[in-house]
Structure formats: C-alpha cells, structure tokens
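Take a look at the letters that make up each chain.
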Amino acid sequence: MGRKPIIAGNWKLNKLTGEAVAIVEDIKAKLDTIDSANLPEVVVCPVFTALQSVSNILEHGKNIRLGAQNFYYKDSGAFTGEVSLPMLKDLCVTDVIIGHSERREYFSESDEMVNLKVKAALANDVTPIICVGESLEQREQGITDNHITSQVKKALDGLSAAEVCKVVFAYEPIWAIGTGKTCDAVEANRVIKMIRSVIADVSNSGIASSVRILYGGSVKPSTIEEQMAQSDIDGALVGGASLVAESFVGIITGSMKSRV
Ligand code: 13P
C-alpha cells in the first residue's frame, strides 16, 4: 500500500512548558527502545509557548516531528498577536494543523481561511494537516458526505496536483471529539474513502491513493488497532490520549500492529 502511518498528538490548550518537556522526554525515551522501521511518523503539537523548549530536546529528523496547532498565513507584517510559518520553521516546526473544528467553531476559521493557510504551508514547505468533519446535527440530517466533500474541495481549491500530493487530511467527526464516543471504524473508513475519491476528482487517482488521511476523535490505545486495520485509515490525530506519554506511545505502537 505504501502510505506510511502518521500518529499526531494535538495537545490543544494544555501543558505548561515544563510539563510539555517532561512528556516529550518520556515519549522519546520509550520510542528510542523501538526500531524506527517499526514506528509510524510521529508528530507532537504543543502550545506555541512550549515549542522552543520541546524543539530543543527533539533530535530533528529522528522519530518525533514538531507540529504547531495554528499560524497566520502571512509571513510578517502588521498582524498583532499572530505567528507566521517562517517563525515556526525557525523552531524546526515541520507540520501544522489547519481547520480544526475548534478553530472553525470558536475562532471563525472559514473554508477560505483554511485554503489560504494550506497554500501558505505548502509555499513554506510545511506539511498541512487539514481537519474536516461533521457535527452531530449534520450527521443526523444525512448531510455528512456533502459537508465533508465541500470542506475538502474548498481546502484544496487552486492547488496543483503536485501540491495536493503533499497534504495530510484528518477526518474528525465533531461529535467524537473529547466525548469518549469513537466513530465506528468501518464508518470512519467509509468517510475517509469518500474523502479520497474527492481528492481523486480534484487531482487524479494516483495522487489520491498516496495522500495520508487520518482519523481523529476519542482515539485510545484500545481503539487504534481496529482503526488501522481498515483499508484507508492512515493514522490518527489524537487529543486527550496524547497528553499522557503511556497512552500516546500505546497508540503509536498499536498503530503498526494491524496495519493492512
Ligand atoms: P480527542 O482525542 O480528545 O477526542 O480529540 C481529538 C482531536 O480533536 C484531535 O485534534
């Protein structure tokens, strides 16, 4: 199949710098005992204020990559309070989360802003992890597929096929985030396959089959094997369970056991 799994931890608004460093030290020590050929790609996304300290303890290029949860799409200028991609790259950030449902809901991040951010990330050679997903209300109304199709198309608007190739998607049903209610693995796989077919429509099937698409929403060590046993789920974007080294490492190791 050839798509290398990715396990990314989204720490959201949690952890002071000292705590962040302690968790990453712990994750790093645990992963160092495993042959890297048996590991997925691993990304940790702490809050901005912890990025420098966490960056200092990571051996970049080895086992764990550094991600950011947000950024502004302009490189510099009169944008009080914002942080840009060159600034994040300065701290060795390689991945950025874009369009998380919490940013869409609480910070009015629109599909247009998501698209600008995706383009900026690609222009800066940073991997965009683009989040899409439906609310419970949308699921109950039967508009899940239409809603997600629209989010995916708008996120990729104006990108060349070569650029589409470099993005990562995360399917995160909003009703599964932080609720302990994981989306059934077969259903998550169905939606992810549908996302892949939308990617094929806007690029081509070869590119669509190479793009990594993760699942997010109450992922735990006990759910990851069934999720990774599905044909199209290429990893996980993990919230709560990534805040504890033991459970995050359990997800990382579990992700490679059932990979099809
Ligand atoms: P939980 O794993 O806490 O449900 O959060 C998922 C998420 O929002 C990751 O971005």
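Just so it is clear, the structure is predicted and the values come from calculations on it, not from any experiment.

## Remarks on the environment of V54
No. 1: Mapped onto the elements of the fold, V54 is located in helix α2 (residues 48-57).
No. 2: Sequence spacing of V54 and K181 is 127 residues, and the spatial spacing of their C-alpha atoms is 31 Å.
No. 3: Beyond its immediate stretch of four places on either side in the chain, V54 contacts A20, V21, V24, V44, P46 and L66.

## Observations regarding empty space enclosed by the protein
No. 1: Tallied over the full model, the rule gives 1 cavity of 30 Å³ or more.
No. 2: The volume enclosed by the largest cavity comes to roughly 60 Å³.
No. 3: K28, L31, D32, L58, E59, K62, N63 and I64 together form the lining of the largest cavity.
No. 4: Here the lining of the largest cavity is composed, by residue class, of 3 nonpolar, 1 polar and 4 charged.

## Regarding the site of the ligand
No. 1: Close to the ligand lie 13 residues; K12, H100, G178, S218 and G240 are nearest.
No. 2: Here H100 contributes a side-chain N or O atom positioned 2.8 Å from an oxygen atom of the ligand.
No. 3: At 2.9 Å from an oxygen atom of the ligand is found a side-chain nitrogen or oxygen belonging to E172.
No. 4: For the ligand, the accessible surface in isolation is 310 Å², of which the surrounding protein chains cover 94%.
No. 5: Judged by the proximity of its atoms to the pocket grid, the ligand belongs to the second largest pocket.
No. 6: Here the residues of the shell around the ligand sort into 4 nonpolar, 7 polar and 2 charged.

## Considerations on the pattern of salt bridges
No. 1: The final tally for this structure, using the stated rule, is 19 salt bridges.
No. 2: Across the pair E134 and R139 runs a salt bridge, and its minimum N-O distance is 2.7 Å.
No. 3: Accessibility expressed as a relative area gives 0% for E134, which makes it buried.
No. 4: Of the charged contacts in the structure, one is a salt bridge between R139 and E187, with a shortest N-O distance of 2.9 Å. With R139 in helix α6 (residues 136-140) and E187 in helix α9 (residues 185-202), the pair connects residues that are 48 residues apart, well separated along the chain.

## As for the sheet that holds strand β2 (residues 41-45)
No. 1: The strand order around the closed barrel formed by 8 strands is β1-β2-β3-β4-β5-β6-β7-β8, and the pairing between neighbours is parallel. Across the sheet, the mean angle from the axis of one strand to that of its neighbour is 25°, orientation sign disregarded.
No. 2: Two elements, strand β7 (residues 212-216) and strand β8 (residues 235-238), share 2 bridges in a ladder whose sense is parallel. From the neighbouring strand, G216 faces β8, where its bridge partner is L237.
No. 3: Running over the sheet, α9 touches β5 (127-132), β6 (168-171) and β7 and is turned about 145° from β7.
No. 4: Packed onto the sheet, helix α12 (residues 245-257) meets β1 (6-10), β2 and β8 and runs at close to 165° relative to β1.

## Here we look at unusual backbone geometry
No. 1: Positioned with a positive phi, K15 is a non-glycine residue whose angle comes to about 80°.
No. 2: We classify K15 as partly exposed; its relative accessible area is 30%.
No. 3: Positive phi values are uncommon outside glycine, yet S108 reaches one of about 55°.
No. 4: Its place among the elements puts S108 in the loop between α4 (101-106) and α5 (111-123).

## Side note on α5
No. 1: In a regular helix each residue adds 1.5 Å, so 13 residues correspond to 18 Å; α5 covers 18 Å between its end C-alpha atoms and thus fits that length.
No. 2: Regarding α5, the residues found buried are D111, V114, N115, K117, V118, A120, A121 and L122.
No. 3: At its buried positions, α5 is contacted by α3 (85-90), β4 (93-98), α4, β5, α7 (144-156) and α8 (161-164).
No. 4: Positive backbone phi, at 60°, marks D125, one or two positions downstream of α5.

Rules behind the numbers
- Residues numbered from 1 in each chain as written.
- Predicted model: local features only at pLDDT ≥ 70, side-chain atom pairs only at ≥ 80, totals over all residues.
- Heavy atoms only, no water.
- Helix = DSSP H or I, 4+ residues; strand = E, 2+ residues; numbered from the N terminus.
- Contact = heavy atoms within 4.5 Å.
- 1 Å grid on protein atoms, 1.4 Å probe; cavity = no way out; pocket = protein on both sides within 12 Å on 5 of 7 lines; lining within 4 Å.
- Points joined across faces, edges and corners; volume = space filled by probe spheres on them.
- Nonpolar A, V, L, I, M, F, W, Y, C, P; charged D, E, K, R; others polar.
- Near = heavy atom within 4 Å.
- Polar contact = N/O pair within 3.5 Å; in protein donor to acceptor, adjacent residues only side chain to side chain.
- Areas by Shrake-Rupley, 256 points an atom, 1.4 Å probe, with all protein chains shown as cover.
- Sits in = over half its atoms within 2 Å of the grid points.
- Salt bridge = Lys/Arg side-chain N within 4 Å of Asp/Glu carboxyl O.
- Buried < 20%, exposed > 50% of the residue type's maximum accessible area, 1.4 Å probe, protein only.
- Pairing = 2+ DSSP bridges.
- Axes fitted to C-alpha atoms, helices over the stretch in contact; angles between N-to-C directions.
- Expected span 1.5 Å × (residues − 1).

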